[in-house]
Amino acid sequence: MNIQNTWEAETPILFTDLLLSASVDTEIIEDFSDPSFSDNLLLYGIPGTGKTAICSAILASRTGSQNISARNTYYNFKEREVRESINGEMLSRTAHMSKLCEEDITFIFDEIDELTINQQKEVTAFIDSMNRSKTPVTILATTNVDINTPLEARKLSSALLSRFTYTQCVQPQPAASYAPLVHKKLCAAGFQMSIDDSSEFLESQFADSLVSFRDVRASVNTLIRRRQRKTS
């Protein structure tokens with residue numbers, strides 16, 4: 001076994017593997033997985049709950065590509081260089097090139113609240129221009145901001161928020177709900193573990209706590225690395 005068997009943040013999650021919290025409307029997510037559906041979706045909630053994983057899974061379903069980082073329509077605004085490059089003209093150019101290549105025009109804006117208010121205005125204007133041109137563009141965005149808390153919501157312009165027809169809160173889930181996904185990951189890493197074994201592992205780590213996708217991934221990686229050391 002090697003380090004590539006660990007469950008890194010960039011590891012793609014397929015749409016069929018998604019674990020959606022009760023706060024998420026499954027039918028809305030399914031709508032966005034259909035490439036013929038064009039609209040804008042904002043996922044919000046505390047860090048680590050799997051918002052980007054949901055966007056990645058939707059994109060994989062829409063395009064057949066599981067590597068969102070390889071697409072020029074994926075922007076992680078936590079990265080300073082990416083954040084500073086964003087403007088309406090660049091987005092329009094990217095959309096135009098995707099259209100020429102007959103690609104599905106789906107943008108992922110990760111951590112959209114990291115943009116300045118002026119940049120948010122540019123994104124808003126870009127969305128409006130695409131609507132006027134009748135070019136079907138889908139925006140999938142994430143934020144750690146609680147858009148229902150007035151003070152927090154100030155980090156996002158009201159105009160930009162209004163361009164998202166659908167907003168969904170992604171919340172932590174009971175640890176046991178991750179058992180099928182953890183089982184699949186451990187099997188892929190070469191471990192002979194049943195779903196019951198995976199459930200027992202999660203219970204030993206988190207008991208009956210509500211946990212984030214990020215927490216589960218870290219615990220699984222720790223288990224994989226420890227077993228790698230024992231077999232090396």
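Everything below is about the structure printed above this text.
The rules we used
Residues numbered from 1 in each chain as written. Predicted model: local features only at pLDDT ≥ 70, side-chain atom pairs only at ≥ 80, totals over all residues. Heavy atoms only, no water. Salt bridge = Lys/Arg side-chain N within 4 Å of Asp/Glu carboxyl O. Helix = DSSP H or I, 4+ residues; strand = E, 2+ residues; numbered from the N terminus. Buried < 20%, exposed > 50% of the residue type's maximum accessible area, 1.4 Å probe, protein only. Phe/Tyr/Trp six-rings, centres within 6.5 Å; stacked < 30°, edge-to-face > 60°. Pairing = 2+ DSSP bridges. Axes fitted to C-alpha atoms, helices over the stretch in contact; angles between N-to-C directions. Contact = heavy atoms within 4.5 Å. Patch = residues over 30% accessible without salt bridge, like charges linked within 9 Å, V, L, I, M, F, W, Y side chains within 5 Å. Areas by Shrake-Rupley, 256 points an atom, 1.4 Å probe, with all protein chains shown as cover. Lys, Arg positive; Asp, Glu negative; His and termini not counted. Charge placed at Lys NZ, Arg CZ, Asp CG, Glu CD.

> Please give an account of the pattern of salt bridges that cites residues and values.
Considering all chains together, one arrives at four salt bridges under this definition. Between E114 and K78 there is a salt bridge, and its shortest N-O distance comes to 3.1 Å. Of this pair, E114 sits in the loop between strand 3 (106–110) and helix 5 (117–133) while K78 is found in the loop between strand 2 (74–76) and helix 3 (80–85), placing the two residues 36 residues apart along the sequence. Since its relative accessible area comes to 49%, K78 is described here as partly exposed. For the salt bridge of E84 with R80, the shortest nitrogen-to-oxygen distance reads 2.9 Å. Highlighted residues: E84 and R80, both in helix 3, separated by four residues, approximately one helical turn. For E84, a relative accessible area of 54% puts it in the exposed group.

> Would you mind going over the packing of aromatic side chains in detail, with residue names and values included?
Two numbers describe a pair of aromatic rings. These are the distance of the centres and the angle of the planes. All told, the structure shown has nine aromatic pairs when counted by the stated rule. With 5.6 Å between their ring centres and 90° between their planes, F32 and Y166 make a pair best called edge-to-face. Taken together, the residues F32 in helix 1 (residues 26–33) and Y166 in strand 5 (residues 166–169) connect sequence positions 134 residues apart. For F32, a relative accessible area of 0% corresponds to the buried category. A centroid spacing of 5.9 Å and a plane angle of 45° characterise the contact between Y75 and F109, whose relative ring orientation is tilted. Of this pair, Y75 sits in strand 2 while F109 sits in strand 3, placing them 34 residues apart in sequence. No difference in accessibility class separates Y75 from F109, as the two residues are buried.

> So, the sheet that holds strand 1 (residues 40–44): which residues are in play, and what are the values?
Read across the open sheet, the five strands follow the order 2-3-4-1-5; overall the sheet is parallel. Each edge of the sheet is formed by a strand with only one pairing partner; in this case those strands are strand 2 and strand 5. Across this sheet, the average inter-strand angle for adjacent strands is 10°, counted without regard to direction. In this structure, strand 1 lies alongside strand 4 (residues 138–143), joined through five bridges in parallel fashion. The residue bridging L42 from the neighbouring strand is A141, located in strand 4. Taken strand by strand, helix 1 contacts strand 1, strand 4 and strand 5, and its axis lies near 135° from that of strand 1. Where helix 2 (residues 51–63) meets the sheet, it contacts strand 1, strand 2, strand 3 and strand 4, and its direction lies at approximately 165° from that of strand 4.

> Tell me what's going on with a positive patch on the surface, and back it up with residues and numbers.
There is a patch of like positive charges on the surface, built from R226, R227, R229 and K230. On the basis of relative accessible area, K230 is assigned to the exposed category, the value being 74%.

The quantities given are spatial measurements derived from coordinates; they are silent on function.
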